[in-house]
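Each chain, letter by letter, is given below.
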Amino acid sequence: MKRNAILFTSLLLVITMFIGCASTNVEVNPSEIEYKEISAKDYFNANQSDLYSSPTGYKISDVYVLGADTRNENGTTEAILKLGENKNTWGSDALSVYATDFVKNMNKTDSTWGERLDAVRNDEKYNGHYTVYLYGQTDGNAWIGYTTKVILYNIEGIPTQEQIEADKAAAEKERIAKEEADKKAKAEKRAKSDAAGKKLAQGYTYHGIDEDDKNCKLFANGALESGHAYYISGFVVKYGGSMAKIEYGDGLFFSSQSNAVYVDYISQKVKGEVVEAGVTNLFGQTIEIPLTVIVAGGKGISKMPVVLGLIQDSD
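The rules we used
Residues numbered from 1 in each chain as written. Predicted model: local features only at pLDDT ≥ 70, side-chain atom pairs only at ≥ 80, totals over all residues. Heavy atoms only, no water. Helix = DSSP H or I, 4+ residues; strand = E, 2+ residues; numbered from the N terminus. Buried < 20%, exposed > 50% of the residue type's maximum accessible area, 1.4 Å probe, protein only. Contact = heavy atoms within 4.5 Å. Polar contact = N/O pair within 3.5 Å; in protein donor to acceptor, adjacent residues only side chain to side chain. pLDDT = per-residue confidence, 0-100. Patch = residues over 30% accessible without salt bridge, like charges linked within 9 Å, V, L, I, M, F, W, Y side chains within 5 Å. Areas by Shrake-Rupley, 256 points an atom, 1.4 Å probe, with all protein chains shown as cover. Salt bridge = Lys/Arg side-chain N within 4 Å of Asp/Glu carboxyl O. Pairing = 2+ DSSP bridges. Phe/Tyr/Trp six-rings, centres within 6.5 Å; stacked < 30°, edge-to-face > 60°. Lys NZ or Arg CZ within 6 Å of the ring centre and 35° of its normal.

Draft legend 1. View of the overall build of the protein. Secondary structure summary: the protein contains nine helices and 16 strands in total. Split into buried and exposed, the 315 residues of the protein put 38% on the buried side. Taking the contacts inside the protein whose residues are at least 6 apart along the sequence as the reference set, 55% of them involve residues at least 24 apart.

This is the structure:
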């Protein structure tokens, strides 16, 4: 469907070139037909032969315009529009309607209609809410049989260029507002996380969230200083909590882990919280969850880092 939609404008140009001298042999005046109102769901789920068993036109609401094509019949190139009940309708489920006269008339009165229709093909504010007028024309004779051509008379709901530009401006305004709100929320979350870290690091020289990358490298390389406490993200529990690694990246497709470092904990309570939060079991597999913790530089000969606490719901 996507490929056909992308080609919609080009197909309309091709249609315009080839149907300049063509005409549809319409036996009725479509402007004089009484169009019966019907929903797209009811129309597209009905049998076409039943719909046009008698001279009838239909005003169908909430229709998707899915694409355009051309069809050569007896040396004449016909314009075809493909319609459906929903955006996923395609192939044999899409209804191909003859639109040669419609295209010719529209090109005379509104030369940019096709570009605008194409511009909003993925915008559900418009596509899926068109109202189309269709009628049937019976061709053939008693010898070869009769067929009914479904012909497009009109489409209502194609947006003006002003509407499209207004939508773009509104979408850009909304995007900027969302971006600013996300930045504010992220800044507030960082500040809250850093404040929690500072509280855990009372009595130490604190290296906060702004130094996170540097802190992680110092931890991974055994370079934490005694008397200092560090905000460290990507802390991965290993071997029941006796060791830890630093995970770099997003933890999915582009991540790596440092060498394991022995760690101690300020209390058994803190160790329990960290281990419980950092390891889970899913379908029999042990899953490691990167955490954010505050780690103090170790003392004595071993200089073993000491985990002071876990920061919940941090970035």
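Past the structure itself, the notes keep going.
Draft legend 2. Seen up close, the environment of Ser242. Mapped onto the fold, Ser242 is located in the loop between β8 (228–238) and β9 (243–249). For the pair Ser242 and Val261, spaced 19 residues apart in sequence, the C-alpha separation works out to 8.6 Å. Excluding residues that lie within four positions of it along the chain, Ser242 makes contacts with Val261, Tyr262 and Val263. Looking at Ser242, its side chain comes within polar contact range of the main-chain oxygen of Tyr239, at 3.0 Å.

Draft legend 3. Layout of the confidence of the model for the protein. Summarising the model, the protein shows a mean pLDDT of 87, and 86% of its residues fall at 70 or more. Every residue in residues 1–6 scores below 50 in pLDDT, and together they form nine contacts with partners more than four places removed in sequence or on other chains. Across residues 20–26, confidence stays below pLDDT 50; counting only partners more than four residues off in sequence or on other chains, it has 15 contacts.

Draft legend 4. Representation of the environment of Val63 within the structure. Structurally, Val63 is set in strand β2 (residues 57–73). Overall, the relative accessible area of 0% leaves Val63 in the buried class. Placed 23 residues apart in sequence, Val63 and Asn86 show a C-alpha to C-alpha distance of 7.3 Å. With near-sequence residues (within four places) excluded, Val63 lies in contact with Ala40, Phe44, Leu83, Gly84, Asn127, Gly128, His129, Tyr130 and Val132.

Draft legend 5. View of a nonpolar patch on the surface. Taken together, the side chains of Leu282, Phe283, Ile287 and Ile289 define a hydrophobic patch exposed on the protein surface, amounting to about 410 Å² of accessible area. For Leu282, the location among the structural elements is in strand β13 (residues 279–282).

Draft legend 6. Focus on the pairing of β8. In terms of burial, β8 is largely enclosed, as eleven of its eleven residues are buried. Note: strand β7 (residues 205–207) against β8, three bridges, orientation parallel. Counterpart to His207 in the pairing with β8 is Tyr230. As paired strands, β8 and strand β15 (residues 291–296) are joined by five bridges and run antiparallel to one another. What sits directly across from Tyr230, in β15, is Val295. In this structure, β8 lies alongside β9, joined through four bridges in antiparallel fashion. Residue pairing in the sheet places Val236 in a bridge with Lys245 of β9.

Draft legend 7. The arrangement of the packing of aromatic side chains in detail. Under the criterion given, the structure shown has seven aromatic pairs. Ring plane angle 5° and centroid distance 5.8 Å describe the contact between Tyr35 and Tyr153, whose orientation is recorded as stacked. Residue Tyr35 is found in strand β1 (residues 35–39), and its partner Tyr153 is found in strand β6 (residues 145–156); the two are separated by 118 residues along the sequence. In this structure Tyr35 comes out as buried when scored by relative accessible area, which is 15%. Here Tyr153 falls in the partly exposed class, since its relative accessible area comes to 33%. One Lys or Arg, Lys149, reaches over the ring of Tyr98 and ends 4.3 Å from the middle of that ring.

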